Amino acid sequence: LRIKLKAASSKSMPASARKDKAPQGRPWHRAIIVYEPLRADPSTLASKDASAGQGASSVLLQSISQLQPSKPDKGAPEYIHLTAGEPPLSGVATKSVLIPSGEHWYLIFDDATKAGSVLSVHIEGTHLNIMDSAVEFLEPGEALTQKGVPTLALEQNEYPAHAGFRIWAKAELELGETVAQRVNAMQLLSLVPDPELQPHLQLTFLKLVQQEGSEAEARCASWSVETLVRAPLLRIMELPLSSAAPEAATKYIVMLEATLAQPVPAGKFSMQLMLPDYINLRSAQPVEELIKTATL
């Protein structure tokens, strides 16, 4: 979700607003967010899916302002949460928040995946320049790329039907010299369409260091592996990059593991790597040269 708000000049405000005392400080705008999960017709569903779209559903909007080219002013809510469902909860959830002028990015987590939902955002336009303001719902990876964020999708994006333990994805990363010197961490953006699989997925991020110039007989003892991250897979997570040792070749291994108690059909997922310090890395280099990947 991209929200761009530009305050109106005093000349463009309605006469009733100009009569009021000019507000002190930066302008704030009231946003009304409405969330309505859809209800599936049980008569059209199989018996095992008869409860789809029933019960309480919630949506979470998480600020990802750290990825913006120009950091917005502080003050916008970092998290906005709405829950709707059956009584005593209303079928429609509404929340009112104040957002300062500027551009604000939010990542949306919606658990109404069976029947879907409707999410609406309304901005009060009294002190707003309507022509230079916008509210857009965008696909995260494409939107970040369009805004100049170096984003690289891993080639592996499918998993087979299986039960038990299986490695879904495993890739080797080699950072370009510019990235290795200036970036302290990468961001990983992932999407697993089936939310029931999310608790059974784990991400492992390893650092592999090998001393250069070693003789062939000594190479088996010239490398080391360090576990930087081993945690449940989240929608967005940070992958730290520790400093490389001098005269050593450093690579990273990212691995997605699944441990499933019940068989699941084949499906798709996505994993995209992003550089949070991209402001210092804007150049003619394509992202494929900043981060080189190899599927293992």
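Here the structure is shown first, and the text comes after it.
I will try to describe carefully the structure that is included in this document. Since we're looking at a predicted model, the values are computed, not measured.

1. Considerations on the overall build of the chain
Consideration 1: Scanning the chain for helices and strands turns up four helices and 19 strands.
Consideration 2: Counting only residues that meet the buried cut, the chain has 38% of its 296 residues in that class.
Consideration 3: Excluding contacts between residues fewer than 6 apart, the proportion of contacts in the chain whose partners are at least 24 apart in sequence is 81%.

2. Side note on the environment of Leu-82
Consideration 1: The topology assignment puts Leu-82 in strand S4 (residues 79-84).
Consideration 2: Overall, the relative accessible area of 2% leaves Leu-82 in the buried class.
Consideration 3: Residues Leu-82 and Leu-61 lie 21 residues apart in sequence; the distance between their C-alpha atoms is 8.8 Å.
Consideration 4: Ignoring anything within four residues of it in the chain, the contact list for Leu-82 reads Ile-33, Tyr-35, Ser-57, Ser-58, Val-59, Ala-93, Thr-94 and Lys-95.

3. As for the sheet that holds strand S5 (residues 93-100)
Consideration 1: The strand order across the open sheet built from three strands is S5-S2-S7, with neighbouring strands paired in antiparallel fashion. Because the sheet does not close on itself, it has two edges, and the strands there are S5 and strand S7 (117-123). Strand-to-strand twist of the sheet, defined as the mean angle between neighbouring strand axes without regard to direction, takes the value 20°.
Consideration 2: Sheet analysis places strand S2 (residues 28-37) next to S5, joined by eight bridges and oriented antiparallel. Directly across from Trp-28, in S5, lies its bridge partner Pro-100.

Criteria and thresholds
Residues numbered from 1 in each chain as written. Predicted model: local features only at pLDDT ≥ 70, side-chain atom pairs only at ≥ 80, totals over all residues. Heavy atoms only, no water. Helix = DSSP H or I, 4+ residues; strand = E, 2+ residues; numbered from the N terminus. Buried < 20%, exposed > 50% of the residue type's maximum accessible area, 1.4 Å probe, protein only. Contact = heavy atoms within 4.5 Å. Pairing = 2+ DSSP bridges. Axes fitted to C-alpha atoms, helices over the stretch in contact; angles between N-to-C directions.

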